[in-house]
Amino acid sequence: MSSKYIKINKKINNFNKTIEVDGDKSLSIRWALLASQAIGSSRAFNLLNSEDTINTLKCLKKLGVKVKLSKKFCQIEGRGINGFLYKKNLILNAGNSGTLGRLLLPLLIKSPYKIKIVGDKSLSKRDFSRVIEPLKNMGVNFYPQNKKKLPIFIKGSKYLRPIKYIENLGSAQCKSCVMLSALNIDGETSITAKKSRDHTELLFRNLKIPIKIKKNKNYDLIKIIKPKSINGFNLNIPGDISSSAFFIVLTLLTKNSKLLIKNININPSRFGVIKILNKMGAKIKIINIRKINNEKCADIFVKTAKNLKGINCSSNLNSSAIDEFLIIFLAAAKAKGISYFKKLSELNQKESPRLKIGSKILNMIGVKVISNKNSIKIYGNPDLKLNKNYIIKNFLKDHRVFMMSVISALSLGGAWKIYNPESVKTSFPSFLKIVSKLGAKIN
Ligand code: S3P
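Residues numbered from 1 in each chain as written. Predicted model: local features only at pLDDT ≥ 70, side-chain atom pairs only at ≥ 80, totals over all residues. Heavy atoms only, no water.

Trainee: Looking at this model, I keep getting lost on the overall build of the protein. Mind explaining?
Mentor: Helix and strand counts for the protein stand at 12 helices and 23 strands. Whereas a compact globule of 443 residues would reach a radius of gyration of roughly 22 Å, the protein reaches 21 Å, a difference of no more than 12%. Taken over the C-alpha atoms alone, the protein extends approximately 65 × 45 × 45 Å along its principal axes. Looking at the protein as a whole, 59% of its 443 residues qualify as buried. Within the protein, residue pairs in contact and separated by at least 24 positions form 77% of the contacts whose partners lie at least 6 positions apart. By element, 49% of the accessible surface of the protein is carried by carbon and sulfur atoms, the whole surface being about 18600 Å². Here the protein contributes 82 positively and 25 negatively charged side chains, and the mean placements of these two sets differ by 3 Å. (Helix = DSSP H or I, 4+ residues; strand = E, 2+ residues; numbered from the N terminus. Rg over C-alpha atoms; globule rule 2.2 N^0.38 Å. Buried < 20%, exposed > 50% of the residue type's maximum accessible area, 1.4 Å probe, protein only. Contact = heavy atoms within 4.5 Å. Areas by Shrake-Rupley, 256 points an atom, 1.4 Å probe, with all protein chains shown as cover. Lys, Arg positive; Asp, Glu negative; His and termini not counted. Charge placed at Lys NZ, Arg CZ, Asp CG, Glu CD.)

Trainee: I tried to follow the site of the ligand on my own but got confused; where do I start?
Mentor: In the region of the ligand, the neighbouring residues are S26, R30, T99, R102, S171, A172, Q173, R197, I322, D323 and K350. Measuring from an oxygen atom of the ligand, one finds a side-chain N or O atom of S26 at 2.7 Å. Here an oxygen atom of the ligand sits 2.6 Å away from a polar atom, N or O, in the side chain of D323. Burial of the ligand by the protein chains amounts to 96% of its free accessible area of 380 Å². Listing elements by their share of the shell around the ligand, those giving two or more residues are α1 (25-37), α3 (98-104) and α5 (172-181). (Near = heavy atom within 4 Å. Polar contact = N/O pair within 3.5 Å; in protein donor to acceptor, adjacent residues only side chain to side chain.)

Trainee: What is the right way to look at the side chain of S320 in this model?
Mentor: Positionally, S320 belongs in the loop between β18 (312-313) and α9 (325-333). The buried category is assigned to S320, whose relative accessible area is 12%. Here L317 takes part through its backbone oxygen, which lies 3.1 Å from a polar atom of the side chain of S320. Setting aside residues up to four positions removed in sequence, S320 forms contacts with P268, S269, R270, F271, G272 and V273.

Trainee: Any chance you could explain the packing of aromatic side chains here in plain terms?
Mentor: When we look at a pair of aromatic rings, we describe it by the centre distance and by the angle of the planes. Under the counting rule described, the total for this entry stands at 12 aromatic pairs. Ring geometry for F325 against F329: centres 6.0 Å apart, planes inclined by 40°, an arrangement best described as tilted. Of this pair, F325 and F329 both sit in helix α9, 4 residues apart, roughly one helical turn. A residue is classified by how much of its surface remains accessible, and F325, at 0% relative accessible area, is buried. Among the aromatic residues, ring-to-ring pairing joins F246, F247, F402, F428 and F431 into one connected group. Here K114 stacks its cationic end above the ring of Y143, 4.3 Å away from the centre of that ring. Above the plane of the ring of F153 lies K114, whose end atom (NZ or CZ) is 5.9 Å from the centre. (Phe/Tyr/Trp six-rings, centres within 6.5 Å; stacked < 30°, edge-to-face > 60°. Lys NZ or Arg CZ within 6 Å of the ring centre and 35° of its normal.)

Trainee: For this particular structure, what's the right way to read unusual backbone geometry?
Mentor: Glycine aside, residues mostly have negative phi angles, and peptide bonds mostly take the trans form. Cis geometry is found at the peptide bond from Y143 to P144, where omega equals -10°. Checked against the element boundaries, P144 lands in the loop between β8 (141-143) and β9 (152-155). The amide bond that connects L150 to the next residue, P151, takes the cis arrangement and shows omega of -5°. Relative to the assigned elements, P151 resides in the loop between β8 and β9. With a phi angle near 60°, N89 is a residue other than glycine that sits in the positive phi range. Examined against the element boundaries, N89 turns out to sit in the loop between β5 (73-79) and β6 (90-93). A residue is classified by how much of its surface remains accessible, and N89, at 72% relative accessible area, is exposed.

Trainee: Just checking my understanding: could you explain a positive patch on the surface for this structure?
Mentor: On the surface, K258, K283, K285, K303, K306 and K309 cluster together to form a positively charged patch. Inspection of the secondary structure puts K258 in strand β15 (residues 258-265). (Patch = residues over 30% accessible without salt bridge, like charges linked within 9 Å, V, L, I, M, F, W, Y side chains within 5 Å. Salt bridge = Lys/Arg side-chain N within 4 Å of Asp/Glu carboxyl O.)

Trainee: Help me out: how do you make sense of the nonpolar core in this one?
Mentor: Within soluble globular proteins, side chains that are nonpolar generally end up buried alongside one another. With 81 residues, the main nonpolar core has F247, I276, L277, F329, F341 and F431 as its most contacted residues. If near-sequence neighbours (up to four positions away) are discounted, F329 is found in contact with F341, L344, L347, L355, L362, I376 and I378. Core analysis: the second largest hydrophobic core is formed by 68 residues, A38, A44, L92 and I211 among them. (Core = buried A, V, L, I, M, F, W, Y, C linked by side-chain atoms within 4.5 Å.)

Trainee: Teacher, can you tell me more about the packing of α9 against helix α10 (residues 354-364) here?
Mentor: Contact pair α9 / α10: the axes reach a minimum separation of 10 Å and the direction vectors enclose 30°. Considered as vectors, α9 and α10 are oriented roughly parallel to each other. Seen from above, α9 lies across α10 with right-handed handedness. Where α9 approaches α10, its residues L326, F329 and A333 are matched on the opposing element by R354, L355, G358 and L362. Considered class by class, the residues forming the contact of α9 with α10 number 5 nonpolar, 1 polar and 1 charged. (Axes fitted to C-alpha atoms, helices over the stretch in contact; angles between N-to-C directions. Parallel < 35°, antiparallel > 145°, perpendicular 65-115°, else oblique. Left-handed = near helix turned anticlockwise from the far one by under 90°. Nonpolar A, V, L, I, M, F, W, Y, C, P; charged D, E, K, R; others polar.)

Now the structure itself:
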């Protein structure tokens, strides 16, 4: 897909299909980073083949890690903890990925040389002080000092100390950054973390890294002791619930339609989107539940929704649905009554300021919205039908803004010109193929 924009002029309806979405992004990146720290080979099956993962593999290769990517699996020959091959003048490019940028830093904290970390336009606007600060407290050096954004240089230290860290944002990236630093620091690292996705914790358990977790209502207390070594490990990566969410909402909003989405990671810390939509009356069914590598997986069955209703959404669900809010907002726009989502300032810290952009898009399609930096009130309209021209410029090339716009066009009608189709390569390269499979015509 090399064109600047796509055009969609027609709604879809009447589909009854089974689909699979691409592999989970959070798990794919974590597998690659941890495999690089292991001794021996590791394989991932169904690794997400997207720009974020490819950038992860490229960074690891630059650090001397051997990577083999075949159709069936990806194989990494780990170099062991603190085994990277450091060179002078190394530049590592995290591309668009906050997860890669923030989870790579803790693996570099013993580098004897300065390493330059860069990212694309969107990532270079995002806050890195949230991970730089705890790493500095451990004794890691950053240049220029006091810089909060990429590009930045990191230089490690021989004298690192474990920290007691309080993670207040509900950010799995911040939590995982400190957790991964514990691989390289003698002693006990302790984290009091507001609830967020727990893939790193589950992987640490799988890898027998000494970790203790005490779960409280809103916070987890995590203690990690530096392991001697990690052995190579294989991982089967299920589909990404964040990618499936676009098709769940498409089905809910499309006449006479049914969709079965196979093999999705339904880890409870990622399950907020299903909870929210079901509270809105979506009746999404979770079937065939099983565990793969400690992660809960299932198939998801969804049908056209008859009576979606607005929701006053508890902010306790924010972290477990953080990547799905754009598409949840669309569902709310078509629901009966007012929806209210609050304490969502973190949404403006994503690949683009999504709370702001989501409000703008809803406004553009004639939905009444009241929003500020923290919250959004959406006045839903079950009779919402579109018949005008709509242009989505998406200046920061946010993959999820693109996908939300496509689903809006396919479910609500109107003539749409949506820029930056290549942005889906970040997280969900098969997105447009699946859209076509469901009967959509895209020019
Ligand atoms: C992710 C954590 C979330 C999420 C991102 C992936 C992860 O970010 O938005 O897409 O894999 O840890 P925050 O931790 O910044 O909330």
